[in-house]
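Summary of structural features
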Amino acid sequence: MTVASKFPKFLSNPKFRAMALLTVAGGIVGYGSGSLIGKLEKAGAMRVEGLGWSDLLSGLIAMMLIAMGTLVLVASLSRKTALRVLDPGNGRDATPAQASYYRQQGLVALLAGVMLAAPVLANSVFDPLPFELGAAVMAGIVALFLVQTVGNLILWQRSDELVRQVMSETGAVSFWLLQGALFLWAAGEKLNLLPALSLWDAVAVLMASYLLISTLVSARRGLGG
Amino acid sequence: MKNRLKVLRAERDWSQADLADRLEVSRQTINALETGKYDPSLPLAFKIARLFGQSIETIFQDEA
């Protein structure tokens, strides 16, 4: 019996190894950001207590997007690691075009995370937030939004038909579900039956729902298989 | 919709990545087609048919 055969077969499966790597990366990012926020709060540099549920939810989503975007970006810098981490079933090095496509995907996710985190962070670090600083953060968000929109459009152009199908279905399902939920909540609010939501609350719910729907549609269509 | 993509690919000893390169799509698209999770667009179906030198209906069969 060889040493390798003593280990369970799934350990040599590239998909399992990629999942294990992502799990470890998730743990490190989660622990790292949690302890950093804790230290900043103890030092009085950041206010976490008193943040609303939508601030916490969007902060969590932003952290996930930043971590995922950074991982994809770093993995795509090497053609050797790009496909081994991002498409473990492929079993060969990424072409320059594939590596650049992944790099762009990572960048778009990273920018989305930064844009989502910026308003929450600005309000947590500066209480009250000065008008000039708020305006400067807003100008930065608008600039990033423009860059990210162009990045998303180019990604659409560069994607093959399966990815486009997943994007289209995610958009359609999200719109159908969220416009219904928005209407029902607004009606309940108008009738004094439900508490008022802020636009930031709605954005946090929209982002969380969109990511969840996107994951479900991707799995259903076999993207990531 | 059922298809014979996996069989046709295996007959030529091509990997999913090889077929993906020839069709200019991602390997994941080939996997999704072979597992029946995704049906190709008409242009991609024609491309597949041309690549294997067969008609669309011999590669793809309607399950109804």
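Residues numbered from 1 in each chain as written. Chains lettered and ligands numbered in written order. Predicted model: local features only at pLDDT ≥ 70, side-chain atom pairs only at ≥ 80, totals over all residues. Heavy atoms only, no water.

Right, let's get into helix α8 (residues 199-221) of chain A. With 23 residues, α8 of chain A should cover 33 Å at 1.5 Å per step; its first-to-last C-alpha distance of 32 Å lies within 8% of that length. Among the residues of α8 of chain A, those classed as buried are Asp-201, Ala-204, Met-207, Ser-209, Ile-213, Val-217, Ser-218 and Arg-221 of chain A. Those residues of α8 of chain A that are buried lie in contact with α3 (53-76), α5 (96-125) and α7 (161-190) of chain A together with α3 (27-34) of chain B. Positioned one or two residues after α8 of chain A, Gly-222 of chain A has a phi angle of 85°, which is positive. (Helix = DSSP H or I, 4+ residues; strand = E, 2+ residues; numbered from the N terminus. Expected span 1.5 Å × (residues − 1). Buried < 20%, exposed > 50% of the residue type's maximum accessible area, 1.4 Å probe, protein only. Contact = heavy atoms within 4.5 Å.)

Another point: the domain arrangement of chain A. All names here are of chain A. The domain boundaries assigned to chain A delineate domain 1 (11-158) and domain 2 (161-225). Spacing between the C-alpha centres of domain 1 and domain 2 amounts to 20 Å. Across the contact, 14 residues belong to domain 1 and 14 residues belong to domain 2. For the domain 1 and domain 2 pair, buried surface summed over both sides reaches about 1200 Å², with 74% attributable to carbon and sulfur atoms. By the criterion of area lost to domain 2, the three top residues of domain 1 are Trp-53, Ile-61 and Trp-156, representing 41% of everything that side buries. If you look at where domain 1 meets domain 2, you find zero salt bridges. When residues of the side of domain 1 that touches domain 2 are traced back to their parent elements, those giving at least two are α3, α5 and α6 (131-158). (Domains from an automatic or database assignment. Buried area = accessible area lost by both parts, 1.4 Å probe. Salt bridge = Lys/Arg side-chain N within 4 Å of Asp/Glu carboxyl O.)

Another aspect to go through is the packing of aromatic side chains. Residues and elements named next belong to chain B. Going through the model one piece at a time under the given rule, you end up with two aromatic pairs over all chains. Pairing Trp-14 with Phe-52 gives two aromatic rings, centres 5.8 Å apart and planes at 35°, and the pair type is tilted. With a gap of 38 residues between them, Trp-14 in the loop between α1 (5-11) and α2 (16-23) and Phe-52 in helix α4 (residues 42-52) connect regions that are remote in the sequence. Taken individually, Trp-14 and Phe-52 each receive the classification buried, so the pair is uniform in this respect. The residue whose ring lies beneath Arg-22 is Trp-14, and the NZ or CZ to ring-centre distance is 4.0 Å. (Phe/Tyr/Trp six-rings, centres within 6.5 Å; stacked < 30°, edge-to-face > 60°. Lys NZ or Arg CZ within 6 Å of the ring centre and 35° of its normal.)

Time to look at the interface of chain A and chain B. Taken together, the contact between chain A and chain B spans 16 residues of the former and 15 residues of the latter. Between chain A and chain B, roughly 1300 Å² of surface is buried when both sides are summed, and carbon and sulfur atoms account for 41% of that area. Of all residues in chain A, Arg-92, Asp-160 and Glu-161 of chain A bury the most surface against chain B, accounting for 38% of the area lost on that side. At the boundary of chain A with chain B, the tally comes to three salt bridges. For Arg-27 of chain B, the salt bridge goes to Asp-87 of chain A, with nearest N and O atoms at 2.6 Å. Linking chain A with chain B are nine residue pairs in polar contact (both at pLDDT 80 or more), by the criterion used here. At the level of secondary structure, the elements contributing two or more residues to the side of chain A that touches chain B comprise α7 and α8 of chain A. Residues of the side of chain A that touches chain B, tallied by class, amount to four nonpolar, six polar and six charged. (Polar contact = N/O pair within 3.5 Å; in protein donor to acceptor, adjacent residues only side chain to side chain. Nonpolar A, V, L, I, M, F, W, Y, C, P; charged D, E, K, R; others polar.)

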